[in-house]
Amino acid sequence: MDTDKPEVARTGRSFDSAYSFSFSIAIGLLLFIAGLVISLTLGQGASIGLIFGIPLLIAGLVLPLFMMRGLFHHNVVSGECPYCSARITTSDATIRLNCPVCKHLLEVGELKIQPVGDSKRPEAIHE
Ligand SMILES: [Zn+2]
């Protein structure tokens, strides 16, 4: 009896992932520039600049990729089939799928599973 679990109010997630997407790029760029500056300014006299600068450069390149990979990995959509109430778990990359129980064609929308063609209802069209 877990049908009355309110799993709505999650529409702000796509904006949130877009925000952290640009945030990770900003951090990477900042680390990259810091590494460049340190290796240029300190690296003239000793090799200390390179010891600190090169790891920062690498971190600046790897960190955004690492964070972006986590973003794309976590979008798991789980819901119930609107026809037979079977539990379906799929990824956000899936656009359409067939229910494994009743074989109805389903659409993966904004982090929920809905019947195909339900979003455009004929009563909203006025000529
Ligand atoms: Zn079904």
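Residues numbered from 1 in each chain as written. Predicted model: local features only at pLDDT ≥ 70, side-chain atom pairs only at ≥ 80, totals over all residues.

(A) Local environment of the overall build of the protein chain. Each helix and strand in the protein chain was counted, giving two helices and five strands. Across the protein chain, helices and strands are ordered from the amino to the carboxyl terminus as α-α-β-β-β-β-β. Relative to its 127 residues, the protein chain shows a buried fraction of 7%. Once local pairs closer than 6 in sequence are excluded, the contacts in the protein chain between residues at least 24 apart make up 34%. (Helix = DSSP H or I, 4+ residues; strand = E, 2+ residues; numbered from the N terminus. Buried ≥ 20, exposed ≤ 12 C-beta atoms within 10 Å, placed from the backbone. Contact = placed C-beta atoms within 7 Å.)

(B) Here's a closer look at the confidence of the model for the protein chain. Averaged over all residues, the pLDDT of the protein chain equals 73, while 65% of them reach at least 70. Below pLDDT 50 for its whole length, residues 121–127 participates in zero contacts with residues either more than four positions away or in separate chains. (pLDDT = per-residue confidence, 0-100.)

(C) Structural context of the pairing of strand β1 (residues 76–80). Relative to strand β2 (residues 87–91), β1 is paired through five bridges, and the arrangement is antiparallel. Paired with Glu80 across the strands is Arg87, a residue of β2. Counting the residues in the hairpin turn of β1 and β2 gives six residues, including Ser85, whose phi is positive at 65°. (Pairing = 2+ DSSP bridges.)

(D) Expanded view of the environment of Ile38. On the secondary structure map, Ile38 appears in helix α1 (residues 13–41). Residues Ile38 and Ile54, spaced 16 residues apart in sequence, show a C-alpha to C-alpha distance of 9.0 Å.

(E) Representation of the environment of Glu107 within the structure. Within the fold, Glu107 resides in strand β4 (residues 105–108). Overall, the presence of 17 C-beta atoms within 10 Å leaves Glu107 in the partly exposed class. For Glu107, the residues in contact, after removing those within four places along its chain, are Arg96, Gln114, Pro115 and Val116.

(F) Structural context of unusual backbone geometry. Even without glycine at this site, Ser85 takes up a positive phi of about 65°. Considering the arrangement of structural elements, one finds Ser85 in the loop between β1 and β2. By C-beta crowding, Ser85 is classed as exposed, having 11 other C-beta atoms within 10 Å.

(G) Spotlight on the pairing of β4. For strand β3 (residues 96–98) and β4, the ladder comprises three bridges, and the chain directions are antiparallel. Bridge pairing in β4 links Arg96 to Glu107. Count of turn residues in the β3/β4 antiparallel hairpin: six residues, of which Lys103 carries a positive phi of about 65°. Counted between consecutive antiparallel strands, the loop separating β4 from strand β5 (residues 113–115) contains four residues, among which Leu111 sits at a positive phi close to 60°.

(H) A look at the sheet that holds β5. Taken together, the three strands give an open sheet; going across it, the order is β3-β4-β5, and neighbouring strands pair in antiparallel fashion. With partners counted over all chains shown, the strands left at the sheet margins are β3 and β5, one partner each. Between one strand and the next, the sheet's axes are offset by a mean angle of 40°, whatever the strand orientation. (Axes fitted to C-alpha atoms, helices over the stretch in contact; angles between N-to-C directions.)

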